[in-house]
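In case you want the letters, here they are:
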Amino acid sequence: MKKEQIEAYKNDGYLIVRQMFSPEEISLLFSVATDDSVTGNSFDLNDQDGKKTKLTLWFTAGDDSFGLMSKCRRMVSSVQDLLGPGEVCHFHSKVMQKQPKVGGAWEWHQDYGYWYKNGFLFPEAMISVMVALTDANKENGCLQVLKGTHKMQRFEHTFVGEQQGADLDFVKEAEKISALVYCELKAGDVLFFHPNLLHRSEANLSDFPRWSVISAYNLSYNVPFREKHTSCITPVEMVPDEAILKSGKKEVSQADFLKKDAEITLNIK
């Protein structure tokens, strides 16, 4: 990554890289995302209005199309540049499925609001990387961020519906001094964001779906004391960028999918 991109991430808490994946790669990945191997392993989390946010989450990055995406050189090297020294590991990937008219909202939160409850000690060793599988805009509930809020560290999180929501008193204060940015993306664009960056998304009330895949990464020294899956401390075996298309469509068939009743943040106050 360029020096100015790394500085922008450090200052703002997020970074958008346009067209990091080609239309051909996105077409292949979207075909896997909409396959029953993914949709058949999804679960819902209710927002505070009872609308359902649907996602499919797995831990180990395998040799399927999404595993190759998570392990490809452009992804891993970018994460390495943004996180700094240490062995890059794949914590989990999740396909976010916001269907037209019914896809629910995500309340204001920090990813570390969840990951803290998984028992990770070092948020600076973690990052989320969102790959847009369809266009994301204000109308279909794109991600919103409060610029620079990653420097405020972790806020207290409590249940909002079945989600973890940041303490609203702190969020309101953050809104007074932090710019609200709508991260509108075209399919193939990639959004990198810090685990303490406050972000949310509104329900999809449009006629168009909003699908994305988010891969979360961790440096191997950041060993959690509650999370039992070892992918987060297993260094990634990087593959060439060309591997995604060269391998063709490969379903997520051997993944260790997360089941809703095993989600740690639903069981720890």
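Residues numbered from 1 in each chain as written. Predicted model: local features only at pLDDT ≥ 70, side-chain atom pairs only at ≥ 80, totals over all residues. Heavy atoms only, no water.

Visitor: Please explain the side chain of K94 as it appears in this structure.
Guide: Tracing the chain through its elements places K94 in strand β4 (residues 88-98). For the buried K94, no salt bridge is present, and the opposite-charge side chain at shortest range is D111, 5.2 Å distant. Residue contacts for K94: discarding those within four places in its chain leaves T56, L57, S212, V213 and I214. (Helix = DSSP H or I, 4+ residues; strand = E, 2+ residues; numbered from the N terminus. Buried < 20%, exposed > 50% of the residue type's maximum accessible area, 1.4 Å probe, protein only. Lys, Arg positive; Asp, Glu negative; His and termini not counted. Salt bridge = Lys/Arg side-chain N within 4 Å of Asp/Glu carboxyl O. Contact = heavy atoms within 4.5 Å.)

Visitor: Quick question: what am I supposed to make of the sheet that holds strand β10 (residues 180-183) here?
Guide: Working definition: the strands of a sheet are paired by backbone hydrogen bonds and lie parallel or antiparallel to each other. Strand order in the open sheet formed by 4 strands is β5-β12-β7-β10, with antiparallel pairing between adjacent strands. The outermost strands of the open sheet, each flanked by one partner alone, are β5 (106-109) and β10. Adjacent strand axes in the sheet meet at a mean angle of 20° when their direction is disregarded. By the bridge criterion, 3 bridges tie strand β7 (residues 143-146) to strand β12 (residues 199-201) in an arrangement that is antiparallel. Considered in β12, the bridge of V145 is made with H199. (Pairing = 2+ DSSP bridges. Axes fitted to C-alpha atoms, helices over the stretch in contact; angles between N-to-C directions.)

Visitor: Is there a simple way to explain the nonpolar core in this structure?
Guide: Most often, soluble globular proteins keep nonpolar side chains buried together rather than apart. Of all hydrophobic cores here, the largest spans 41 residues; its most connected members are F21, F66, M69, M75, I127 and F192. With sequence-adjacent residues up to four places away left out, F21 is seen in contact with I26, M69, C72, R74, M75, V131, G188, V190 and I244. (Core = buried A, V, L, I, M, F, W, Y, C linked by side-chain atoms within 4.5 Å.)

Visitor: Sorry, what's going on with the environment of V236 here?
Guide: As for its placement among the helices and strands, V236 is situated in the loop between β13 (210-219) and α8 (243-247). Spatially, the C-alpha atoms of V236 and P85 are 14 Å apart, while their sequence positions differ by 151 residues. Excluding residues within four positions of it along the chain, V236 makes contact with K71, V76, V88, C89 and H90.

Visitor: Sorry, what's going on with a nonpolar patch on the surface here?
Guide: On the surface, L121, F122, Y221 and F225 cluster together into a nonpolar patch covering about 460 Å² of accessible area. We classify F225 as exposed; its relative accessible area is 53%. (Patch = residues over 30% accessible without salt bridge, like charges linked within 9 Å, V, L, I, M, F, W, Y side chains within 5 Å. Areas by Shrake-Rupley, 256 points an atom, 1.4 Å probe, with all protein chains shown as cover.)

Visitor: Where do I start with the packing of aromatic side chains in this structure?
Guide: Centre distance and the angle of the planes are the two values used to describe a pair of aromatic rings. Inspection of the entire model under this criterion finds 9 aromatic pairs. A centroid spacing of 5.0 Å and a plane angle of 65° characterise the contact between F91 and F120, whose relative ring orientation is edge-to-face. With F91 in strand β4 and F120 in the loop between α6 (111-118) and β6 (126-132), this pair connects stretches of sequence that are 29 residues apart. On the basis of relative accessible area, F91 is assigned to the buried category, the value being 2%. Of the aromatic side chains, those joined through ring pairs into one cluster are F59, F91, W115 and F120. Here the basic side chain of K138 rests over the ring of Y182, its NZ or CZ set 4.6 Å away from the ring centre. (Phe/Tyr/Trp six-rings, centres within 6.5 Å; stacked < 30°, edge-to-face > 60°. Lys NZ or Arg CZ within 6 Å of the ring centre and 35° of its normal.)

Visitor: When you look at the pattern of salt bridges in this model, what are you seeing that I'm missing?
Guide: Where side chains of opposite charge bring their charged atoms close, a pairing between them can arise. Enumeration over the complete set of coordinates arrives at 10 salt bridges. Between K176 and E173 there is a salt bridge whose closest N-O contact spans 3.0 Å. Of the two residues, K176 and E173 both sit in helix α7 (residues 168-177), 3 residues apart, roughly one turn of that helix. Judged by its relative accessible area of 45%, E173 is partly exposed. As a salt-bridge pair, E202 and R200 come within 3.3 Å of each other at their nearest N and O atoms. A single network of salt bridges, built from pairs that share partners, joins E25, R74 and D241.

Visitor: Help me out: how do you make sense of the environment of S206 in this one?
Guide: By the secondary structure assignment, S206 is in the loop between β12 and β13. You can call S206 buried: its relative accessible area is 10%. S206 sits 69 residues away from N137 along the chain, and the two C-alpha atoms are 10.0 Å apart. A distance of 2.7 Å separates the side chain of S206 from the side chain of N204, its partner in a polar contact. (Polar contact = N/O pair within 3.5 Å; in protein donor to acceptor, adjacent residues only side chain to side chain.)

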